[in-house]
Structures are given as C-alpha cells and as structure tokens.
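Geometric and topological summary
Okay, here's what each chain looks like letter by letter:
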Amino acid sequence: MKLVPLLTATALTLAALPALAQTAAIDSGALREEAKGVFEAIPAELTAIKQTEEAPEGIPLTTEKIELGKTLFFDPRMSRSGLISCQTCHNVGLGGVDGLPTSVGHGWQKGPRNAPTMLNAIFNAAQFWDGRAPDLAEQAKGPVQASVEMSNTPDEVVRTLNSMPAYVEAFRAAFPDEREPVSFDNFAAAIEQFEATLITPDSAFDRFLNGDDSAMTEQEKRGLQAFMDTGCTACHYGRNIGGQDYYPFGLVAKPGAEVLPLGDTGRFEVTKTVNDEYVFRAAPLRNVALTAPYFHSGVVWDLKEAVQIMSSSQLGTELAPEQVDDIVAFLHAVTGEQPQIAHPVLPVRTDTTPLPAPM
C-alpha cells in the first residue's frame, strides 16, 4: 500500500479546533480507516527476523552478519581512541539515542547535530538529518571517519579487525564467498544488518491500527485525530511516522536561532541547491517520547514544547492547550516494544603490534 501524506490548503491555516471536538465521542472504526490511509503498523513478524528473511528494504539477512554487526556496534575499538562505539551515541537502552543535545565525540568534541535514533531507522528513506546517506551501510561509515565523532580511518579499522582472530573468523563466516572478507565495506554491511533488526513493534498505536479498539485511550485517539486534522501528517506519515522526505524547518515562520542555528543550513550542505537551505528530513516519530532533546539542534527538552514549535513554525497555527495535550498523548502511544539486546563479549586482541595512541 502506498501511503500518501495529507496536505491541504486549509491545513496550513487551520485554527484551533473547537473545544467541543475535544470531548466528542471517538468513532474508533472511522478513525482507524482514516489513519490506515496515512500510517502503517510495524508487522509483528518482523520481531523474529530469521536467516531466510529480508529486512524491510530488501536486504537479505543472515544470522552470521547480524551477530557480527552487533559485536561491531558495541566495540569501542572501532574508534581512534578506543573509547567510542556506535552504542555510545545510539544507546539501544535509551530509545536509540544518548540523551544529549549533541553527542560528545573524539577528544571531548561536541557534534554539530543531535544524534537521531537508529531504532526503526531501516524504515527511513535516507539517513542523517540531511539525508546524505542513502542507507544504513553508508550511514555506518560516516561516524567512524568523522573527526568530531570516532575520528578513525577505514584502513585503521581493518587493521584493528585483523589484529583479532575471532573477528577474522567472524568475517569469513559472514562473507564466505569473498576473497578478502575483512573490509570496511563489509564492516558497514554487517552493522546495517544488525540495525535492521532494531525495530519497535507492538505499540498501542500499532495494536489500534491492527483492529484493537481498546489499545489506545480516548485522549490518545483524540490526539491521533488532531495530528491528522491539523496537518502534522503532511510531513510525518508512513510506517515510521516520518523519515520519508525533506521539508524546510520554518515552512511558515522560522523559529528562533536557538532552535534553528543559522550556521547549519541542512540539506543545502548536501545538494548545494538554494531551495534546500534549512531543509531537513522529517524526524521519524516512533518512540519520540523516549528521545529528548528534540530537533537537529537538540535544545528542546519538553515534547509538549516541541509540538507547539512545530505547530507555529510548520503549520502557522496555534493549537489549543487541549489539542497539544492530546497530540502529546498520541505521541506516547507510538512507543513500541524496545529491543532486548545482550551486550556481546568482544573479541580479544592477540596481535601485539601497537595501535595508534589515543589523541
């Protein structure tokens, strides 16, 4: 089913709904049918991805690649300092984020943008706030090489991996048909496979979409209705409730510089197209109640405030306080079942050749 965002001329100028609408009885069946035209539940069967199955974007998955990717995801020795892993900034126990405005990387440097969650990232059309990586494998290569993050190089990653026999064997098992299985491309491909399994199904919203009228409270249902009626679905739609396209931040009225830093022009830095100045990928909203602070600047800590900012800057309307509360309640209902990931035992390094000293 192709999902189409709802964007009408009236959505951009919609005034707050009458107070009567806040107390009207919800027709769950009609609400569900309307929502199913915009959103899609995470299929329950994706919670048990097996070797013969594929990730949502068609990547053939294998147990060997997934397990290797998990180990690499947690291994800080993939960084130049030996201190920073993928897990450092994308903590699977914290909604896939680190809970900081911007992540702290190599040499205690602060990154330029808030770390987005990797939970359900497989459902996004592209990765990073500016969409510069077309898939999770390409995304996995970026932080490793970024000077403010892991500050490493592909050659040093491969050298580190080859210094541990357990990794060499794991790469051979995961990529049996390759002459040189230990490579930076395969490092990224394995991490992609692990991240493809980090999905959060069975939210109250998923259960409601699948036919359970009692899965969501009346307030959460009012919030879903308001989310659709006020035009939020113009940008936040699909299986991941966002992450599918790019939009100007400040479509109607730009927020202040503390929320929208003037130096970060977003997708323009990728395309060099004037129309892409201050354009960003719409944030996927699954588990958003767990991933504060919000926006690429990471300066807004309260979900209610974030909803109010988006209403004024993107829709040009001031929501009634009851609407804001209802939408926030709905956004809590999209928190899914969190992945239960056991920290792997990391391979032992037996090569005594010194690795680069941390800097």
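See the structure above.
What you see is a predicted model; the values in this text were computed from it and never measured. (Residues numbered from 1 in each chain as written. Predicted model: local features only at pLDDT ≥ 70, side-chain atom pairs only at ≥ 80, totals over all residues. Heavy atoms only, no water.)

1. Describing helix α13 (residues 321–332)
The α-helix winds at 3.6 residues per turn, so residues separated by three or four positions along the chain end up facing the same way. The end-to-end C-alpha distance of α13 is 17 Å, a good match for the 16 Å that 12 residues give at a rise of 1.5 Å each. Every buried residue belonging to α13 is among Gln323, Val324, Asp326, Ile327, Val328, Ala329, Phe330 and Leu331, and all of these are buried. (Helix = DSSP H or I, 4+ residues; strand = E, 2+ residues; numbered from the N terminus. Expected span 1.5 Å × (residues − 1). Buried < 20%, exposed > 50% of the residue type's maximum accessible area, 1.4 Å probe, protein only.)

2. Some details on the packing of helix α2 (residues 28–36) against helix α10 (residues 218–229)
Between α2 and α10, the least distance of the axes is 11 Å, while the angle of their chain directions is 40 degrees. For the element pair α2 / α10, the angle class is oblique. Taken as a pair, α2 and α10 cross one another with a handedness that is left-handed. Residues Ser28, Leu31, Glu34 and Ala35 of α2 form the contact with α10, whose participating residues are Lys221, Leu224, Gln225, Met228 and Asp229. Looking at the contact of α2 with α10 residue by residue, the class counts come to 4 nonpolar, 2 polar and 3 charged. (Axes fitted to C-alpha atoms, helices over the stretch in contact; angles between N-to-C directions. Parallel < 35°, antiparallel > 145°, perpendicular 65-115°, else oblique. Left-handed = near helix turned anticlockwise from the far one by under 90°. Contact = heavy atoms within 4.5 Å. Nonpolar A, V, L, I, M, F, W, Y, C, P; charged D, E, K, R; others polar.)

3. Quick notes on unusual backbone geometry
Working note: non-glycine residues mostly have negative phi, and peptide bonds are mostly trans. Omega for the bond connecting alanine 292 with proline 293 falls within 30 degrees of zero, at 0 degrees, which places this linkage in the cis form. Here proline 293 shows up in the loop between β2 (279–281) and α12 (303–315). Look at phenylalanine 295: it is not a glycine, yet its phi comes out positive at around 75 degrees. Relative to the helices and strands, phenylalanine 295 resides in the loop between β2 and α12. Residue classification places phenylalanine 295 among the buried positions, given a relative accessible area of 12%.

4. Points about the side chain of threonine 291
Mapped onto the fold, threonine 291 is located in the loop between β2 and α12. Among residues more than four places away in sequence, those in contact with threonine 291 are Gly95, Val97 and Thr117.

5. A few points about the pattern of salt bridges
Across all of its chains, the model carries 16 salt bridges by this definition. The salt bridge involving glutamate 67 is made with lysine 70; its shortest N-O contact spans 3.6 Å. One end of the pair is glutamate 67 and the other is lysine 70, both in helix α3 (residues 63–74) and 3 residues apart, which spans about a single turn. A salt bridge links arginine 207 to aspartate 202; the nearest nitrogen and oxygen atoms lie 3.7 Å apart. One salt-bridge network, in which partners are shared between bridges, spans Arg113, Asp130, Arg132, Asp264 and Glu269. (Salt bridge = Lys/Arg side-chain N within 4 Å of Asp/Glu carboxyl O.)

6. Concerning the nonpolar core
In terms of nonpolar packing, the biggest core is built from 47 residues, with Phe39, Phe205, Leu224, Phe227 and Leu331 touching the most fellow members. For this core, the elements supplying multiple residues, two or more each, are α2, α9 (204–209), α10, α12 and α13. Those residues in contact with leucine 224 that lie beyond four places of it in its chain are Leu31, Ala35, Phe39, Phe205, Phe208, Met216 and Phe330. If you look at the next biggest cluster of nonpolar residues, it comprises 30 residues, including Phe74, Met78, Val92 and Val158. (Core = buried A, V, L, I, M, F, W, Y, C linked by side-chain atoms within 4.5 Å.)

7. A word on the state of the cysteines
Throughout the structure, instances matching the rule amount to 0 disulfides. With no disulfide of its own, cysteine 232 lies 8.8 Å from the sulfur of cysteine 235, the closest cysteine sulfur. (Disulfide = S-S within 2.5 Å.)

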